[in-house]
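# Close look at the chain arrangement
Each chain, written out:
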Amino acid sequence: MTSPYDALYRQSVEQPEAFWAEQARLIDWHQAPTQILDASRPPFCRWFVGGQTNLCHNAVDRHLAERGEQPALIAISTETGSERSYTFRELHAEVQRTAAMLLELGVRRGDRVLIYMPMIAEAAFAMLACARIGAIHCVVFGGFASGSLASRIEDAEPKVVVSADAGSRGGKVVPYKPLLDEAIRLSAHKPAAVLLYDRGLAAMELMAGRDHLAGAEGQKHAQARVPCTWLDATDISYTIYTSGTTGRPKGVQRDVGGYAVALAASMQHIFDGRAGETYFSTSDIGWVVGHSYIVYGPLIAGMATIMYEGLPTQGLDRQPDGGIWWRLVEKYKVTVMFSAPTAVRVLKKQDPALLRKYDLSSLRALFLAGEPLDEPTARWISEGLGVPIIDNYWQTESGWPIITLPVGVERRPAKFGSPGIAMYGYKVKIVHESTGEELTAPNEKGVVVIEGPTPPGFMQTVWRDDQRFVDTYWKSIPGQLVYSTFDWGIRDEDGYYYILGRTDDVINVAGHRLGTREIEEAISGHANVAEVAVVGVADALKGQVAMAFVVPRTGNAATDNADAMKLEGEIMKRVADDLGALARPARVRFVPGLPKTRSGKLLRRAIQAVCEQRDPGDLTTLDDPATLQAVRAAVAAG
Ligand code: PRX
């Protein structure tokens, strides 16, 4: 007998237009689409052609009649000890006020607005305000430093940047304004205006003519009425930068209508989130999870969403409190929660009694995404919470889950180590990495690919670079036009997938996706670095950490301890200053040369294997065995 989910899945891949036409009814349209899918120019997909809608209307305005006085956004900061809830009506007013400020600064439909903000309500207001007036937002993670920010400003060419005086982490204030000023200085593109929120955390020097304080501007527009601009479904809603094989980040570009429909459908079929309930995602608006499941997804579904700034181990009184998240689940009757395995591993160090202290009976499921979920972590949290723990596999590129369990449709048993089965709309395959042949037998390892047409919500292209989109994602498997996830995987006899790590140079630190090439570029800028290789190494808490191997240009760094310590410190600071603390390598080790093939290609995988005490595998192409020996010695030296 066909299960409800099997039937849903089959229709989604066999009759995608009929399937998605039905899903499109979950959102409001100003004008209904005339064509569900235009796939005439593969691999590009244009969903809901002719339709007109607006993400902000669907996330906010649409709910005013029925739930205007219900909570929409609950902003909690255990860094500043603040907690504030906005109803849909209040959110509507705040978003319009922000939209009015952007309009006054000259932002128009299609202009980019770069948002570099901590996890405060105003960041969500800014995103929704952009959506409202048809501006394209580019949110940059607040943990990134000036170099990362500069390359994004240069690529996005924003008319306006929205930022704040500072973020805060573990009680430590991180001033944003100096990082932003430096980034604008480094970038060839200069934004016309900067809109700044002053949280009173750090002093700001304002640049006359360019910098505007949101507090003063906002007062002028307190009663602003800014209607939603009806946008074509295929217009661009936002870009979000992500790392890949090269050092240059890619602007993942998403549409308006497809994204709205995809999120609405996922809230129902995957997350089982219902209007009037509360959703709590612990991610950050700087990542795709924050876009889809802090801001847009829950609000489109008519749910209240919690925005949380702070560590999972600190209370509102700013004292240590490993139970803060559970306290919030109880207080706001959270029904759906979304986090990352690393966060759970941090909590695992706390007293398990903290989990039993609160009434968690509202919670139906905890979704974990972004990195592999290890069995001990899954088991610990599942026993502690007594609700299903749902592993969730997807990417910045997809915008919503590719592989998971569709708890909103039916209950399938979870299998430890597997995020689950292919989601509706995704034709997932495992192929041989060099022949491209599909591997249909169970448990054969290959590359996880997706056959087009890709579903609504999936990236449209790389911002301003269609060729890069095609070449990077769709041409890596020989002989066929399929989207590569750049993940290794297997599928078992029941259709459950297992994800076995990246095929490229992307590493995953505490659920954050980083490119080793970007880190290498930051390091090679140091005057005393001749060559560098950065690899990801398994870490019990963070999943992976970056490890750098450096060939120094001069001096005795390879042998002299004092020199080595000094250079290691300088290199780490350089990465933190350029990219942000999260990219800082756990260690920098010095070697006289790097292991390479005879044609000069770096053997990163061999270096990584040595770091993880694994067999480095086939070394027939290794040019000079002494180099690998030196890596071994450097690792052994600690
Ligand atoms: O390698 C996979 C890993 O994270 C990558 C995508 O990261 P990002 O673009 O930041 O998007 C995260 C959205 C949740 C993937 O290519 N990854 C993500 N989820 C999982 C995972 N690896 C194993 N299990 C997962 N559940």
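Let me begin by describing the structure that accompanies this report.

Reading guide: rules and limits
Numbers given for residues are sequential positions, taken from 1 along each chain in its written order. Local features in a predicted model are, by the rule used here, given only for residues with pLDDT of at least 70; side-chain atom pairs are given and counted only at 80 or more, and totals for whole chains, interfaces and linings are based on all residues. The basis for every side-chain value is the complete set of non-hydrogen atoms in the structure, without hydrogens or water. Labels follow the DSSP assignment, with helices taken as runs of H or I lasting at least four residues and strands as runs of E lasting at least two, numbered in each case from the N terminus. Partly exposed describes any residue whose relative accessible area lies between the buried limit of under 20% and the exposed limit of over 50%, with all areas from a 1.4 Å probe on protein chains only and scaled to the type maximum. Two residues qualify as a contact provided that any one of their heavy atoms is within 4.5 Å of a heavy atom in the partner residue. Expected helix span is taken as 1.5 Å per residue step, with the number of steps being one fewer than the number of residues. We call a residue near a given molecule or strand whenever any one of its heavy atoms falls within 4 Å of it. As used in this structure description, the phrase polar contact means that two N or O atoms lie within 3.5 Å; if the pair is within protein, one of them must be able to donate a hydrogen and the other to accept it, and residues adjacent in sequence are counted only when both atoms belong to side chains. Here the Shrake-Rupley method, with its probe set to 1.4 Å, supplies the accessible areas, and only the displayed protein chains count as covering residues. Note that Gly is not counted as nonpolar here; it falls among the polar residues with everything else outside the nonpolar set of Ala, Val, Leu, Ile, Met, Phe, Trp, Tyr, Cys and Pro and the charged set of Asp, Glu, Lys and Arg. Throughout this description, the term nonpolar core refers to a set of buried Ala, Val, Leu, Ile, Met, Phe, Trp, Tyr and Cys residues connected via side-chain atoms within 4.5 Å. We define a salt bridge as a contact between a side-chain nitrogen of Lys or Arg and a carboxyl oxygen of Asp or Glu at a distance within 4 Å. Between any two strands, at least two bridges found by DSSP are needed for them to pair. All axes are obtained by fitting lines to C-alpha atoms, using only the stretch in contact for helices, and the reported angles, taken between N-to-C directions, cover 0 to 180 degrees. The pairing test for Phe, Tyr and Trp rings, Trp by its six-membered ring, is centres within 6.5 Å, and the orientation test on the planes gives stacked under 30 degrees, edge-to-face over 60, and tilted for anything in between. When the NZ atom of lysine or the CZ atom of arginine is within 6 Å of a ring's centre and also within 35 degrees of its normal, the charge is said to sit over that ring.

### Some thoughts on the environment of Glu 568
Following the sequence through the fold, Glu 568 ends up in helix α18 (residues 561-578). For Glu 568, a relative accessible area of 12% translates into the label buried. Expressed as a C-alpha distance, the spacing of Glu 568 and Asp 374, which sit 194 residues apart in the sequence, is 32 Å. When near neighbours in sequence (up to four residues on either side) are disregarded, Glu 568 contacts Arg 587, Val 588 and Phe 590.

### Examining helix α6 (residues 121-133)
With 13 residues, α6 ought to run about 18 Å at 1.5 Å a step, and its terminal C-alpha atoms sit 19 Å apart, in line with that. Among the 13 residues that make up α6, 12 are buried, leaving the element largely enclosed by the rest of the structure. By the burial criterion, the buried members of α6 are Ala 121, Ala 123, Ala 124, Phe 125, Ala 126, Met 127, Leu 128, Ala 129, Cys 130, Ala 131, Arg 132 and Ile 133. Positioned one or two residues after α6, Gly 134 has a phi angle of 80°, which is positive.

### Regarding the site of the ligand
Around the ligand, 17 residues are found, and the nearest of them are Asp 391, Thr 396, Asp 487, Arg 502 and Arg 513. Within the side chain of Asp 391, a nitrogen or oxygen atom sits 2.7 Å from a nitrogen atom of the ligand. Between the ligand and Gln 395, the relevant distance is 2.9 Å, taken from an oxygen atom to a side-chain nitrogen or oxygen of the residue. Coverage of the ligand by the protein chains reaches 95% of its 540 Å² of free accessible surface. In the shell around the ligand, the residues fall into seven nonpolar, five polar and five charged.

### Description of the nonpolar core
With 123 residues, the main nonpolar core has Trp 20, Leu 102, Leu 128, Val 162, Tyr 296 and Tyr 424 as its most contacted residues. For this core, the element with the most residues is α6, which contributes 11 residues. What Tyr 296 contacts, discounting residues up to four positions off in sequence, is Leu 55, Met 127, Leu 128, Ala 131, His 137, Tyr 259, Leu 263 and His 291. If you look at the next biggest cluster of nonpolar residues, it comprises 44 residues, including Tyr 176, Tyr 241, Trp 463 and Val 532.

### Let's talk about the pattern of salt bridges
For the structure on display, the rule yields 43 salt bridges. Linking Arg 604 and Asp 505 is a salt bridge whose minimum nitrogen-to-oxygen distance equals 3.7 Å. Note that Arg 604 is positioned in helix α19 (residues 604-611) and Asp 505 in the loop between β27 (497-502) and β28 (506-509), a separation of 99 residues in sequence. Side by side, Arg 604 and Asp 505 carry an identical accessibility label, which is buried. Salt bridges sharing common partners tie together Lys 177, Asp 181, Arg 210 and Asp 211.

### Notes on the pairing of strand β11 (residues 193-197)
Among the five residues in β11, five count as buried, and that is most of the element. Burial along β11 is two-sided: Ala 193, Leu 195 and Tyr 197 facing one way and Val 194 and Leu 196 facing the other are all buried. Bridge analysis of strand β8 (residues 160-164) against β11 gives five bridges, and the strand direction is parallel. Within β11, the residue paired with Val 162 across the bridge is Leu 195. As paired strands, β11 and strand β12 (residues 211-213) are joined by three bridges and run parallel to one another. Within β12, the residue paired with Val 194 across the bridge is Asp 211.

### Details of the sheet that holds strand β19 (residues 365-369)
Backbone-to-backbone hydrogen bonds join strands into a sheet, with any given pair of strands oriented parallel or antiparallel. Within the open sheet, the seven strands sit side by side as β5-β4-β17-β16-β18-β19-β20. Their pairing is mixed. Single-partner strands in this sheet number two, and they are β5 (82-87) and β20 (389-392). Mean inter-strand twist for the sheet, computed between neighbouring axes without regard to direction, equals 20°. When strand β16 (residues 278-281) meets strand β17 (residues 304-309), the two strands line up parallel, connected through three bridges. Each residue of the ladder has a partner; that of Phe 280, found in β17, is Ile 306. Across the sheet, helix α15 (residues 375-385) lies against β19 and β20, angled at about 140° from β20, the strand it touches most.

### Topic: the packing of aromatic side chains
Tallying each qualifying case throughout the model produces 36 aromatic pairs. Ring geometry for Phe 271 versus Tyr 293: centroids 4.5 Å apart, planes at 50°, classification tilted. One end of the pair, Phe 271, is in the loop between α10 (257-269) and β16; the other, Tyr 293, is in helix α11 (residues 288-300), with 22 residues separating them in the sequence. For the residue pair Phe 271 and Tyr 293, the accessibility class agrees, reading buried in each case. Seen in terms of ring centroids, Phe 458 and Tyr 483 are 4.9 Å apart; in terms of plane orientation they differ by 85°. Their pairing is edge-to-face. Highlighted residues: Phe 458 in the loop between β24 (446-451) and β25 (461-462) and Tyr 483 in strand β26 (residues 482-491), separated in sequence by 25 residues. Take Phe 458: its relative accessible area is 4%, and that puts it in the buried class. Given a relative accessible area of 0%, Tyr 483 falls into the buried group. When the ring centre of Phe 44 is taken as reference, the NZ or CZ atom of Arg 41 above it lies at 4.5 Å. A cation over a ring is seen here: Arg 152 above Phe 144, with NZ or CZ 4.7 Å from the ring centre.

### A closer look at the pairing of β20
Burial of the side chains of β20 extends over both faces: Ile 389 and Asp 391 are buried on one face and Ile 390 and Asn 392 on the other. Summarising the sheet, β19 and β20 pair through four bridges and their orientation is parallel. From the neighbouring strand, Phe 367 faces β20, where its bridge partner is Ile 390.

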